[in-house]
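Listed below are the residues making up each chain.
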Amino acid sequence: AHSMFSAVRSESMGNRVSPGLAPSTPTSNIMDVMACDDIRQFFSTDLSGKAPLGFAAFFFDIFLLPPERRPQRFWVCGEVMVVSGGLLLFFASTLVDYQVTDNLGIAATSVASLSVLMLVVSIIFSTVAVSAVSTPDLASVYAGCKMAGWALFLINVGTICSFVAFVLSGLVKANGALIGWIVCGMGVALFATMNIFFGVTHMALLPLPHIHQQGWYHQSFAPNIALGNYIMGRKSLREGADVQLTKMLAGPIPEDLRVALDGGSKEV
């Protein structure tokens, strides 16, 4: 029985290292290969010829934690998204009014309905992501990060839609009165404030996940990124990402992550 197991195992061996196994145990499991490739891409600022990681990159710092702490940290992130999405869902649902007939009211209800649907899907994605991460190996956490990335994207867009829907609903209910324009002005001012806040905080201080986003992201948030670069006195987002990456890799690195960053083919 032992020789049969050894034969089967030897046939499945490739030149990769399974992050969930000992570093000296190679494997050609496609999930392990994908996880190692994307993890190496995240811990690098050389993105030439590579597809962006997208919103999943916002969770990849979890890999720096010791394996036994990864599921707990991921579950916390997932639960925060579920709770936040749920609260926003109840708020957005109050903005839907299918009795409206004017154009502004129809626009407000349409945006609010889109927000509700996106938030519902984000909760589903977050729940699936949390339930998927039951083991601390890189491949399992990687799968959860990919799912959570979609959930985070939907929560962000759903939140923006609910914000816009609330302002439009205020204009509709005010029916041309001054209070409607006051609400509109407050909404525009607060939306600009939020953009400035994220530009001078997350984008300025934690640029690494932002360089791994798609082109539409960099174009949409170009003013925020430019503001963050100006505040930090740097010329580009990549320059800041290099600094952050150096600090991240200077600390203790778990052995399975070290093997993945070394290329996943070095036998120890």
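For the structure, check the block above.
Rules behind the numbers
- Residues numbered from 1 in each chain as written.
- Predicted model: local features only at pLDDT ≥ 70, side-chain atom pairs only at ≥ 80, totals over all residues.
- Heavy atoms only, no water.
- Axes fitted to C-alpha atoms, helices over the stretch in contact; angles between N-to-C directions.
- Helix = DSSP H or I, 4+ residues; strand = E, 2+ residues; numbered from the N terminus.
- Parallel < 35°, antiparallel > 145°, perpendicular 65-115°, else oblique.
- Left-handed = near helix turned anticlockwise from the far one by under 90°.
- Contact = heavy atoms within 4.5 Å.
- Salt bridge = Lys/Arg side-chain N within 4 Å of Asp/Glu carboxyl O.
- Buried < 20%, exposed > 50% of the residue type's maximum accessible area, 1.4 Å probe, protein only.
- Expected span 1.5 Å × (residues − 1).
- Phe/Tyr/Trp six-rings, centres within 6.5 Å; stacked < 30°, edge-to-face > 60°.
- Core = buried A, V, L, I, M, F, W, Y, C linked by side-chain atoms within 4.5 Å.
- Arc of directions from axis to C-beta.

**So, the packing of helix α6 (residues 178–200) against helix α10 (residues 222–232)**
Where α6 meets α10, the closest approach of the two axes is 7 Å, and the angle between their N-to-C directions is 45°. Considering their axes alone, α6 and α10 lie oblique with respect to each other. Remark: the crossing between α6 and α10 carries right-handed chirality. Contacts from Asn195, Ile196, Gly199 and Val200 in α6 reach Asn224, Leu227, Gly228 and Ile231 in α10.

**Looking at the pattern of salt bridges**
The full count for this structure, using the stated rule, is 2 salt bridges. Ionic pairing is found between Arg40 and Asp37, a salt bridge with its closest N-O pair at 2.5 Å. One end of the pair, Arg40, and the other, Asp37, are both in helix α2 (residues 30–42), 3 residues apart, so they sit about a helical turn from each other. By relative accessible area, Arg40 is classed as buried at 19%. With a closest N to O distance of 2.8 Å, Asp256 and Arg70 form a salt bridge. Placement of Asp256 in helix α12 (residues 255–261) and of Arg70 in helix α3 (residues 70–93) is noted, with a sequence separation of 186 residues between them. Across this residue pair, the class does not change: Asp256 and Arg70 are buried.

**A closer look at helix α5 (residues 138–174)**
The end-to-end C-alpha distance of α5, which contains 37 residues, comes to 53 Å, matching closely the 54 Å that a straight helix rising 1.5 Å per residue would cover. Asn175, located one to two residues past α5, shows a positive phi value of around 55°.

**Concerning the packing of aromatic side chains**
What the rule picks out here adds up to 15 aromatic pairs. Each ring, one from Phe55 and one from Tyr217, has its centre 5.9 Å from the other, and the planes form 85°; the classification is edge-to-face. With Phe55 in the loop between α2 and α3 and Tyr217 in helix α9 (residues 215–220), this residue pair connects regions lying 162 residues apart in the sequence. Measuring from ring centre to ring centre gives 5.8 Å for Phe163 and Phe191, while their planes differ by 50°; the resulting arrangement is tilted.

**Some points on the nonpolar core**
One finds Phe42, Phe43, Phe59, Phe60 and Phe63 to be the most contacted residues of the largest nonpolar core, which totals 42 residues. Broken down by secondary-structure element, the contributors of at least two residues to this core are α2, α3, α5, α8 (208–211), α11 (237–250) and α12. Per-element tally for this core: the top contributor is α5, with 9 residues. With near-sequence residues (within four places) excluded, Phe63 lies in contact with Ile39, Arg70, Leu138, Val141, Tyr142, Cys145, Pro254 and Leu257. Core analysis: the second largest hydrophobic core is formed by 5 residues, Ala92, Val116, Leu119 and Ile123 among them.

**A few points about the environment of Ala260**
One can find Ala260 in helix α12. In this structure, Ala260 is in contact with Cys36, Arg40 and Leu138, ignoring residues within four places of it in sequence.

**Structural notes on α11**
Relative to the 20 Å expected for 14 residues at 1.5 Å per residue, α11 spans 20 Å between its end C-alpha atoms, a close match to the ideal helical length. Listing the buried residues of α11 in full gives Leu237, Gly240, Ala241, Gln244, Leu245 and Met248. Seen from one end, α11 has its buried residues packed into an arc of 135°, which puts them on one side. Turned more than 90 degrees from where α11 packs its buried face, Val243, Thr246, Lys247 and Ala250 sit exposed.

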